[in-house]
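# Residue-level structural notes
Listed below are the residues making up each chain.
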Amino acid sequence: MKRGIVALTGLALVAGCTAGTPEPDRTERPTVALRLVAFDSCADALTDLRAAARKAVGPWGLTGAPQPQTAAGAEGSGARAGAAPADAPPQHSATNNHEAAADEPDVIKTDGTRIVTLTGGVLRVVDPGRRTRTGQLDLRRAAGHGQWWASKLLLHDDRAIVLTADAYSPPRGVVRPDVGPSRETQALLVDLAGTPRVLGSYRIDGELVDARKIGDTARVVVRSRPRIAFPRPARDATDAERTAANQAAIDRAPLEDWLPRYEWTDGGGQRTGQLPCDRLSRPTGHTGSALLNLLSFDLGTGTLGDGDPIGVVAEGDTVYGTADSLYVADSGGRSVLLRAGAARAEASTDVHRFDLSRPGRPRYVASGAVPGHLLNQYALSEWKGHLRVATTTDPEGRVRGADSSSAVYVLRTDGDELRRVGMVDGLGRGERIYSVRYLGDTGYVVTFRETDPLYTLDLRDPTAPKVTGELKITGYSGHLQPVGEGRLLGVGQEADERGVRQGLLVSLFDVADPAKPTRIARYHRAGSHSPAEHDPHALLFWPASGLVVLPVSGPGSGSQGALVLRIDGSSLTQLGWITHPGVGQRGGILRSLIVGDTLWTLSDAGLQATDLVGLARRGWIPAT
């Protein structure tokens, strides 16, 4: 184990806000300090981690950790536009990413010359010009022993990095005590130039949070837990006795039990390592129950290497990336803010920023906290040196408490702090956020309980954000997609006046005038829903023809398919309905993309080619 000084960063969240309409909540918001605290040595780090975990542990162990048992064994458009040179690949769509500069992993990718899919643990390569499969690789075998699930991939030239997860199998490499079902993450580097083959693999303790490809580098975020063998309590033990026994186990745990182990293989063989303690950072106020690990893989080198890991003692489950920054947030609101003189703590969201602007290993530079719960990565947006964060605060602890409301906070990196410089609150009282979208200096927030207020926000002055418009309609939008100048597409659910859902609703909004957002067209499919309501990767928008494609499921036969719509000015019309052979037995359509003049749709049953004009089937490649 390396010895050295642990470089740490943290932050203080400073009050100070400017609220706009609707009428703001005048209750004083808490000030939270997550300030810089440095370890003097690895021994100091161990003392700190033990103390924090000892305080946080309960009768059943640490939050998110295995149950105790016997230690001995028991902003992007999603498309590429513009004319291509004659020798370049045909025009093709891309993954519907949040930010164009940060590609997100998915189950299908294309560069125009090949389509790479990942379903059922099998990677397949298709030539879109010939409409034939050119390669296949069963990653369930390539991943080795255990029950691995190949979940998503990133594409870079003739290589793909496939991210897999394992919830059951024991690790290879360093022996560790049996602490119950393990969580490991694996990355496989696959060569696509000929017959697909694995060039190398990488495994690390912990569960995959998310990843981004920025430039030639894949940034992978993994959350790991301490490997502490908590004792199995006696049947008649009290909670206090169980907690005391768990605290004693923490007191005996070495630093290595907190630091994730990893191993990697390539042409040079297999090697192992462990996160060095001098790459471990922390904000104050942690519980010692989780580490966020950020790995970096240069996809241009042909090898994964050791991932060049860094770690932060913190929780996190939401990743948002830009060209220069990576943010990891704890969207579940598991941390707490305590108002001065208040009897009850209030849930909050922690956000950690990593700087990617310089070559090499990322730098953990700042952290911050805001009140409330984060919906997803679309609630975050970096713009001109500021981070905007939209959250819902629910003092009653219910999904839609009578006192719940939402807000947008503006933070700025100030030294080692993400400092609040402005806010607008009071959005959707008694409701919660269902979708958020930021387009430059304008923000859009949808809240819902019985009706759907679509708020437009003026964010030009980060110290004084304000609401400029509001549209109340029935139903809600779970995802907002920009579809041209002054236009937003909402995908969600229609609802009656009591808020009861009535089926898929696609809305076209005119937001050219921020003071007067209007819905100019709608499409309703009773009893149905679309994965695009909560997974933007499922939605395809093709600006060249105004085409919108989204998978839809509903009751009855023939209800699993892909809906094809067209936006033409102020109209939203249905062009057709695409189905797959055998889709009823193997699940619905998952994704769609465009290469040249062909629309491709993916399901577990196979990949289908459809003519963009007329939607006639051109080819079918079964998943065999």
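Residues numbered from 1 in each chain as written. Predicted model: local features only at pLDDT ≥ 70, side-chain atom pairs only at ≥ 80, totals over all residues. Heavy atoms only, no water.

Applying the stated criterion to the full structure yields eight aromatic pairs. Note on Tyr-262 and Trp-264: the rings are 6.1 Å apart at their centroids and 35 degrees apart in plane angle, and the pair reads as tilted. In this structure Tyr-262 comes out as buried when scored by relative accessible area, which is 9%. For Trp-264, a relative accessible area of 12% gives the class buried. Between Phe-354 and Tyr-364, the ring centres sit 5.5 Å apart and the planes meet at 40 degrees, which makes this aromatic pair tilted. In this pair, Phe-354 sits in strand β21 (residues 345-355) while Tyr-364 sits in strand β22 (residues 363-371), placing the two residues ten residues apart along the sequence. Just as Phe-354 is buried, Tyr-364 falls in that class too. One aromatic cluster is present, formed by Tyr-202, Tyr-262, Trp-264 and Phe-297 through successive ring pairs. The ring of Tyr-434 is capped by Arg-432, whose NZ or CZ atom sits 4.0 Å from the centre of that ring. (Phe/Tyr/Trp six-rings, centres within 6.5 Å; stacked < 30°, edge-to-face > 60°. Buried < 20%, exposed > 50% of the residue type's maximum accessible area, 1.4 Å probe, protein only. Helix = DSSP H or I, 4+ residues; strand = E, 2+ residues; numbered from the N terminus. Lys NZ or Arg CZ within 6 Å of the ring centre and 35° of its normal.)

The next point concerns the sheet that holds strand β40 (residues 589-595). Here four strands make up an open sheet; going across it, the order is β40-β41-β42-β43 and the pairing antiparallel. Of all strands in the sheet, those bounded by a partner on one side alone are β40 and β43 (617-622). Recorded for the sheet is a direction-independent mean angle of 20 degrees between the axes of neighbouring strands. Of the pairings in the sheet, the one linking β40 to strand β41 (residues 598-603) comprises six bridges and is antiparallel in character. Each residue of the ladder has a partner; that of Arg-591, found in β41, is Leu-602. (Pairing = 2+ DSSP bridges. Axes fitted to C-alpha atoms, helices over the stretch in contact; angles between N-to-C directions.)

Formed by 29 residues in total, the largest nonpolar core has its most connected members in Leu-387 and Val-408. At the level of secondary structure, the elements contributing two or more residues to this core comprise β19 (325-329), β22, β25 (386-393), β26 (405-414), β27 (417-427), β28 (432-439) and β30 (451-458). Beyond its immediate sequence surroundings of up to four residues, Val-408 is in contact with Arg-388, Val-389, Ala-390, Gly-422, Met-423, Val-424, Leu-427, Tyr-438, Val-445 and Leu-457. (Core = buried A, V, L, I, M, F, W, Y, C linked by side-chain atoms within 4.5 Å. Contact = heavy atoms within 4.5 Å.)

Next up on the list: helix α1 (residues 42-56). Relative to the 21 Å expected for 15 residues at 1.5 Å per residue, α1 spans 21 Å between its end C-alpha atoms, a close match to the ideal helical length. Within α1, burial applies to Cys-42, Ala-45, Leu-46, Asp-48, Leu-49, Ala-52 and Ala-53. Down the axis of α1, the smallest arc covering the buried residues is 165 degrees, so these residues share one side. Exposed side of α1, more than 90 degrees from the buried face: Thr-47 and Lys-55 are the residues found there. Capping of α1 at its N-terminal end is provided by Ser-41; its side-chain oxygen lies 3.3 Å from the backbone amide nitrogen of Ala-43. (Expected span 1.5 Å × (residues − 1). Arc of directions from axis to C-beta. Polar contact = N/O pair within 3.5 Å; in protein donor to acceptor, adjacent residues only side chain to side chain.)

Further remarks concern the state of the cysteines. By the definition in use, this model includes one disulfide. At a sulfur-sulfur separation of 1.7 Å, the disulfide partner of Cys-42 is Cys-277. Comparing Cys-42 with Cys-277, the two get one shared label, buried. (Disulfide = S-S within 2.5 Å.)

Checked against the element boundaries, Leu-488 lands in strand β33 (residues 487-495). Relative accessible area serves as the criterion here: at 0%, Leu-488 is assigned to the buried category. Expressed as a C-alpha distance, the spacing of Leu-488 and Val-511, which sit 23 residues apart in the sequence, is 7.0 Å. Leave out the neighbours within four places in its chain, and Leu-488 touches Leu-439, Tyr-444, Gln-481, Pro-482, Val-483, Ser-507, Leu-508, Phe-509 and Val-511.

In this section: the pairing of strand β32 (residues 476-482). Among the seven residues of β32, seven are classified as buried, and the element is accordingly described as predominantly covered. With six bridges connecting them, β32 and β33 associate as antiparallel partners. Within β33, the position partnered with Gln-481 by the bridge is Leu-489. The loop that links β32 with its antiparallel partner β33 comprises four residues; one of these, Gly-484, has a positive phi angle of about 125 degrees.

Next up on the list: the sheet that holds β32. Working definition: the strands of a sheet are paired by backbone hydrogen bonds and lie parallel or antiparallel to each other. Across the sheet, which stays open at both edges, the four strands sit in the order β32-β33-β34-β35 with antiparallel pairing between neighbours. Strands with a single pairing partner mark the edges of an open sheet, and in this sheet they are β32 and β35 (518-526). Mean inter-strand twist for the sheet, computed between neighbouring axes without regard to direction, equals 20 degrees. Relative to β35, strand β34 (residues 501-510) runs antiparallel, the two being bridged by eight bridges. Bridging across to β35, Leu-508 finds its partner in Ala-521.

Right, let's get into the pattern of salt bridges. In this structure the tally under the stated criterion is 28 salt bridges. A salt bridge links Asp-210 to Lys-152; its shortest N-O distance comes to 3.6 Å. In this pair, Asp-210 sits in strand β11 (residues 207-214) while Lys-152 sits in strand β7 (residues 148-156), placing the two residues 58 residues apart along the sequence. Where Asp-510 meets Arg-487, a salt bridge forms, and the shortest distance between an N and an O atom there is 3.4 Å. Of this pair, Asp-510 sits in strand β34 while Arg-487 sits in strand β33, and the two are 23 residues apart along the sequence. Under the relative-accessibility criterion, Arg-487 is labelled buried at 18%. Look at the salt bridges and you will find they share partners, linking Asp-106, Asp-535 and Arg-591 into a network. (Salt bridge = Lys/Arg side-chain N within 4 Å of Asp/Glu carboxyl O.)

Right, let's talk about the packing of α1 against helix α3 (residues 239-252) for a bit. Contact pair α1 / α3: the axes reach a minimum separation of 9 Å and the direction vectors enclose 170 degrees. Relative to α3, α1 is oriented roughly antiparallel. The segment α1 lies against α3, with Arg-50, Ala-53 and Arg-54 engaging Gln-247, Ile-250, Asp-251 and Arg-252. In terms of residue class, the contact of α1 with α3 is built from two nonpolar, one polar and four charged. (Parallel < 35°, antiparallel > 145°, perpendicular 65-115°, else oblique. Nonpolar A, V, L, I, M, F, W, Y, C, P; charged D, E, K, R; others polar.)

Predicted confidence across the chain gives a mean pLDDT of 84, with 80% of residues reaching 70 or more. The low-confidence segment residues 66-86 (pLDDT under 50) makes 64 contacts with residues lying over four places distant or belonging to another chain. Note that residues 335-344 has pLDDT below 50 and, in this model, 25 contacts with residues that lie over four places away or in other chains. (pLDDT = per-residue confidence, 0-100.)

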